[in-house]
Amino acid sequence: MRTFEVFLKKAGKDEFRHVGAIDAADAELGVTLAREAYVRRGEGDDLWLVDRTHIVVGPPAFVRGNHDKPHRHNDGAAIAERRRQQRETA
Amino acid sequence: MTLLDPTPATLADRLAGPPVGRSWADMDEFETFLDDGGIVEAHDDMPEAYRTEVFRFIELHANSELMGGLTERDWIPRAPGLRLKQIFLAKTQDEIGHAHLLYMVAADMGMKDREQMLADLFAGRTRFHNVFHYQAVTWADQIAIAYLVDAAAFASQRAVFQNCSYGPYKRVLKRIIAEEGFHMRHGEEMLLRIAEGTRIQHEMFQAALERWWMPAVQLFGPDSSPDDPLLAWHIKSERNEVLRHAYVQKYVPLLQGYGFDIPDSGLRHDPVDGWLISEIDWSELRATMRNGGPDSRRRIATAAGSYADTAWVRDALAAAS
Ligand SMILES: [Fe+2]
Ligand SMILES: [Fe+2]
């Protein structure tokens with residue numbers, strides 16, 4: 001028995017989204033069962049199954065290491081303030 | 001060469017191995033995390049008490065979906081007309097599907113795999129909701145189940161979904177609740193038909209209501225204890241008695257509007273508190289939840305039998321790959 005993670009995407013928009021998992025003996029049965037378990041009412045047009053043993057998980061501490069980088073953002077506050085001042089003097 | 005410590009693992013190894021996600025120093029820190037809206041994932045190092053309680057709750061839910069689905073299945077051949085037959089086929093598939101999703105989520109908590117959960121259910125060692133321990137006698141019972149029981153299940157599941165701290169459970173609940181909404185609408189349409197039907201049909205539903213009103217109201221359980229861990233840990237977002245009261249406020253006038261009598265001689269309307277039902281004797285619910293309900297034995301035996309009867313399908317599929 002293999003465990004597949006199930007991903008769905010609607011045609012033409014958005015990205016694939018993880019919707020859950022399914023157990024099946026092989027890929028063909030996996031697709032069949034995933035359709036019956038997850039796509040009964042048009043939830044998606046494209047279906048991906050990925051064997052759980054093939055998904056690589058990034059260590060969370062490593063992933064979070066990039067969160068604290070304020071210099072990569074700009075909230076535009078300085079420019080907004082400058083424009084406001086210009087409007088008031090005009 | 002090793003760039004990362006720990007090195008990336010596969011999802012399968014991660015779920016099978018010891019927790020590698022977030023951890024909390026103690027229960028206070030964990031509860032603060034939950035109170036701040038934190039969501040727990042399967043690979044997190046959650047407190048054992050949380051893991052055990054949440055697992056039990058999801059297992060109970062999964063078992064109930066399976067047992068409910070089997071009840072629906074029993075009525076497919078007897079559904080009046082093609083449209084209702086299709087509706088009941090679809091509904092059965094939905095319920096079995098709900099069980100399937102929930103068993104996947106429960107199994108990933110690392111306490112029991114699906115085979116063990118099913119073995120425990122069929123041996124009567126684990127529980128399922130009270131409403132699936134009673135027998136459906138006529139087609140009107142199916143309508144009462146579709147309208148009253150699905151609505152009660154919907155209300156309690158929605159309250160779990162609202163603020164659910166266990167991420168994998170919350171995500172499958174979203175789908176389950178959406179589908180329960182269809183079941184409820186089907187249920188109310190069927191109710192409307194039978195309410196507008198002949199006098200005999202009206203009496204049939206009234207008799208079914210007398211069988212199902214109490215079990216549906218009891219589904220919410222006795223008043224929540226002040227230290228219910230499921231409330232503290234944001235699995236339940238609302239107290240049992242609050243959900244029960246809201247349900248009564250909605251369904252008493254709806255059923256009366258269709259011309260049916262609520263089978264409760266103590267039912268009264270209070271200008272402040274609204275509809276109030278008689279004091280409930282909870283010994284019935286307690287006995288039922290220990291698999292000692294009126295139809296528990298037959299239900300469990302039927303479920304175990306149908307699983308055994310379909311073993312050849314699972315074996316053939318496994319052998320074909
Ligand atoms: Fe369901
Ligand atoms: Fe349902």
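Here, every reference points to the structure presented above.
We now turn to the structure provided with this report.

About the criteria used
- Residues numbered from 1 in each chain as written.
- Chains lettered and ligands numbered in written order.
- Predicted model: local features only at pLDDT ≥ 70, side-chain atom pairs only at ≥ 80, totals over all residues.
- Heavy atoms only, no water.
- Phe/Tyr/Trp six-rings, centres within 6.5 Å; stacked < 30°, edge-to-face > 60°.
- Helix = DSSP H or I, 4+ residues; strand = E, 2+ residues; numbered from the N terminus.
- Buried < 20%, exposed > 50% of the residue type's maximum accessible area, 1.4 Å probe, protein only.
- Lys NZ or Arg CZ within 6 Å of the ring centre and 35° of its normal.
- Contact = heavy atoms within 4.5 Å.
- Buried area = accessible area lost by both parts, 1.4 Å probe.
- Salt bridge = Lys/Arg side-chain N within 4 Å of Asp/Glu carboxyl O.
- Polar contact = N/O pair within 3.5 Å; in protein donor to acceptor, adjacent residues only side chain to side chain.
- Nonpolar A, V, L, I, M, F, W, Y, C, P; charged D, E, K, R; others polar.
- Pairing = 2+ DSSP bridges.

## Quick word on the packing of aromatic side chains
Residues and elements named next belong to chain B. Counted under the stated rule, the structure contains 15 aromatic pairs over all chains. Here Y50 and W233 contribute two aromatic rings whose centre-to-centre distance is 5.7 Å and whose plane-to-plane angle is 65°, an arrangement assigned as edge-to-face. Residue Y50 is found in helix α3 (residues 48–74), and its partner W233 is found in the loop between α9 (229–232) and α10 (240–257); the two are separated by 183 residues along the sequence. For Y50, a relative accessible area of 0% gives the class buried. Through successive ring pairs, a cluster of aromatic residues spans W24, F30, F33, Y50 and W233. Over the ring of W75 we find R78; its NZ or CZ atom is 4.3 Å from the centre of that ring. Above the plane of the ring of Y307 lies R314, whose end atom (NZ or CZ) is 3.6 Å from the centre.

## Some remarks on the interface of chain A and chain B
The interface is formed by 25 residues belonging to chain A together with 26 residues belonging to chain B. In this assembly, chain A packs against chain B so that about 2200 Å² is buried in total across both faces, 58% of it on carbon and sulfur atoms. When residues of chain A are sorted by the area they lose upon contact with chain B, A:R40, A:R41 and A:R52 head the list and together hold 28% of the total. Here B:D108 makes a salt bridge to A:R52, at a shortest N to O gap of 2.7 Å. At the junction of chain A with chain B, the criterion picks out 12 residue pairs in polar contact (both at pLDDT 80 or more). At the level of elements, β1 (2–9), β2 (17–24), α1 (27–38), β4 (56–57) and α2 (60–64) of chain A are the ones that each hand at least two residues to the side of chain A that touches chain B. Among the residues forming the side of chain A that touches chain B, the class breakdown is 13 nonpolar, three polar and nine charged. Sheet analysis places β4(A) next to strand β1 (residues 9–10) of chain B, joined by two bridges and oriented antiparallel. Within β1(B), the residue paired with A:V57 across the bridge is B:A9.

Any functional reading would require information that these geometric values do not contain.
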